[in-house]
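Below are the chains, spelled out letter by letter.
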Amino acid sequence: MLNGTHSTFSIQHSILNCMKVANISHEGFAAIQVDTGPLALTVIPELGGKISSLRDTRSGREWLWRHPRMAYRRVPHGSSYVAAADTGGWDECFPSVSACAYPALPWAGVPVQDHGELWSQTAATQIDVGDESVSLHTRWHGVMLPYQFERTIRLDAGSARLSIAYRLSSAADEPLAWIWSAHPLIAIEPGMELSLPPGARFHSGRRSGLPFPRSIPSAGGDVDLSRLPARDAGASIKLWSAPLTDEGWASLRAPDGALHMRWDVAEIPQVAVWLNLGAHAFDGGEPYYNMGLEPCIGAQDSLADAVHAYHLFEQLLPGGARAWRLEVELTP
């Protein structure tokens with residue numbers, strides 16, 4: 001077992017001569033790296049279980065965006081994610097995405113920090129090595145609210161696929177309202193092709209029922225979001241879907257490969273897309289050019305709005321549990 005509070009842990013293991021698991025130092029933090037052959041994954045337990053790298057070893061493409069100016073660092077609970085920890089990679093947002101006051105008794109008014117409670121914790125982490133697979137199990141506990149959140153990433157030898165299983169369990173005596181969003185920030189480039197279920201209908205600001213693909217105004221004229229524009233487009237948008245009815249998937253294709261996400265809409269009913277196409281940077285530097293491709297449960301972005309404005313959230317009963325799965329695959 002690797003508990004993220006210990007940086008002296010070390011493991012080297014190979015499976016069928018094509019899969020390696022190693023403890024490494026990643027920008028000053030203890031990290032776990034798994035190489036399946038076609039795919040390499042890095043997780044940093046001390047930074048909320050952040051997936052800092054998802055790389056296709058066949059093409060060399062790094063799929064996760066890394067902030068060019070913001071260093072990794074531990075920050076206390078109650079901090080602003082965008083000001084102190086918007087470093088890139090893949091984080092988990094729970095029980096809210098934006099900061100808000102918890103909207104219901106008996107915790108009404110309790111502050112929920114920006115991007116949820118998980119990213120600022122050290123995630124207790126266990127590595128399970130099988131004959132032909134490795135599982136990385138990370139676990140968090142609620143800070144201001146009573147719950148346990150778990151994520152298990154399974155990687156198979158010779159495979160470019162991740163199977164991610166989530167489990168939320170209650171330690172409360174009252175129902176717990178929540179929303180969740182995967183938060184991988186993708187390293188995008190002009191010309192990439194974004195595909196989403198054709199039947200999906202999206203919300204953006206006060207507008208709803210929007211189909212995809214769609215166009216938005218940019219510095220150089222309207223751009224079709226299904227093919228990403230130049231870095232100086234100067235536009236940004238957040239889209240989040242109404243509950244999906246038939247199929248749950250999202251794909252992003254580059255010239256040398258593609259990233260695919262798949263899920264069961266009975267478990268994960270929605271998907272969100274955040275695009276910053278050179279519009280701004282939260283640290284005041286050169287504007288970002290990145291994308292959040294985010295399967296999610298509940299309305300975006302505030303739990304308070306999800307409860308009071310959209311009525312689109314979930315409740316965990318006292319002593320209850322909720323599980324869901326997400327599959328990610330890199331293809332040539």
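Residues numbered from 1 in each chain as written. Predicted model: local features only at pLDDT ≥ 70, side-chain atom pairs only at ≥ 80, totals over all residues. Heavy atoms only, no water.

Trainee: Got a minute to help me understand the overall build of the protein in this structure?
Mentor: Across its full length, the protein holds 2 helices and 27 strands. Taken over the C-alpha trace, the protein has a radius of gyration of 19 Å; the compact-globule value for 332 residues is 20 Å, and the two agree within 12%. Among the 332 residues that make up the protein, the fraction classed as buried is 57%. For the protein, the proportion of contacts with a sequence separation of at least 24, taken over those separated by at least 6, is 63%. (Helix = DSSP H or I, 4+ residues; strand = E, 2+ residues; numbered from the N terminus. Rg over C-alpha atoms; globule rule 2.2 N^0.38 Å. Buried < 20%, exposed > 50% of the residue type's maximum accessible area, 1.4 Å probe, protein only. Contact = heavy atoms within 4.5 Å.)

Trainee: Can you help me understand the pairing of strand E12 (residues 147–156) in this one?
Mentor: Residues in a regular strand point their side chains to alternate faces of the sheet. Where strand E11 (residues 133–141) meets E12, 9 bridges bridge the pair, whose relative direction is antiparallel. The partner of His 141 across the bridge, within E12, is Gln 148. Two successive antiparallel strands, E11 and E12, enclose a turn made up of 5 residues. Count of turn residues in the E12/strand E13 (residues 161–170) antiparallel hairpin: 4 residues, of which Gly 158 carries a positive phi of about 75 degrees. (Pairing = 2+ DSSP bridges.)

Trainee: Is there a simple way to think about the pattern of salt bridges in this case?
Mentor: For the structure shown, the criterion picks out 16 salt bridges. A salt bridge links Asp 283 to Arg 69; the shortest N-O distance between them is 2.9 Å. Taken together, the residues Asp 283 in the loop between strand E24 (270–277) and strand E25 (289–297) and Arg 69 in the loop between strand E6 (50–56) and helix H1 (81–84) connect sequence positions 214 residues apart. Judged by relative accessible area, which is 35%, Asp 283 ranks as partly exposed. Notably, a salt bridge pairs Arg 161 with Glu 327, separated by 3.8 Å at the nearest N-O pair. (Salt bridge = Lys/Arg side-chain N within 4 Å of Asp/Glu carboxyl O.)

Trainee: Looking at this model, I keep getting lost on the confidence of the model for the protein. Mind explaining?
Mentor: Atom-level detail of predicted coordinates should not be read off regions where pLDDT is low. Looking at the protein, the pLDDT average stands at 94 and 95% of residues meet or exceed 70. A low-confidence stretch, residues 1–10 (pLDDT under 50), is modelled with 23 contacts involving residues beyond four sequence positions or located in other chains. (pLDDT = per-residue confidence, 0-100.)

Trainee: In this structure, what is going on with unusual backbone geometry? I would like to understand it.
Mentor: Glycine aside, residues mostly have negative phi, and peptide bonds are mostly found in the trans state. Cis geometry is found at the peptide bond from Phe 94 to Pro 95, where omega equals 0 degrees. Assignment of secondary structure puts Pro 95 in the loop between strand E7 (90–93) and strand E8 (100–101). With an omega dihedral of 10 degrees, the bond running from Phe 212 to Pro 213 counts as a cis peptide bond. Position of Pro 213 relative to the elements: it lies in the loop between strand E18 (207–210) and strand E19 (215–216). The backbone of His 311 sits at a positive phi, close to 55 degrees, despite the residue not being glycine. Topologically, His 311 is positioned in the loop between helix H2 (303–308) and strand E26 (314–316).

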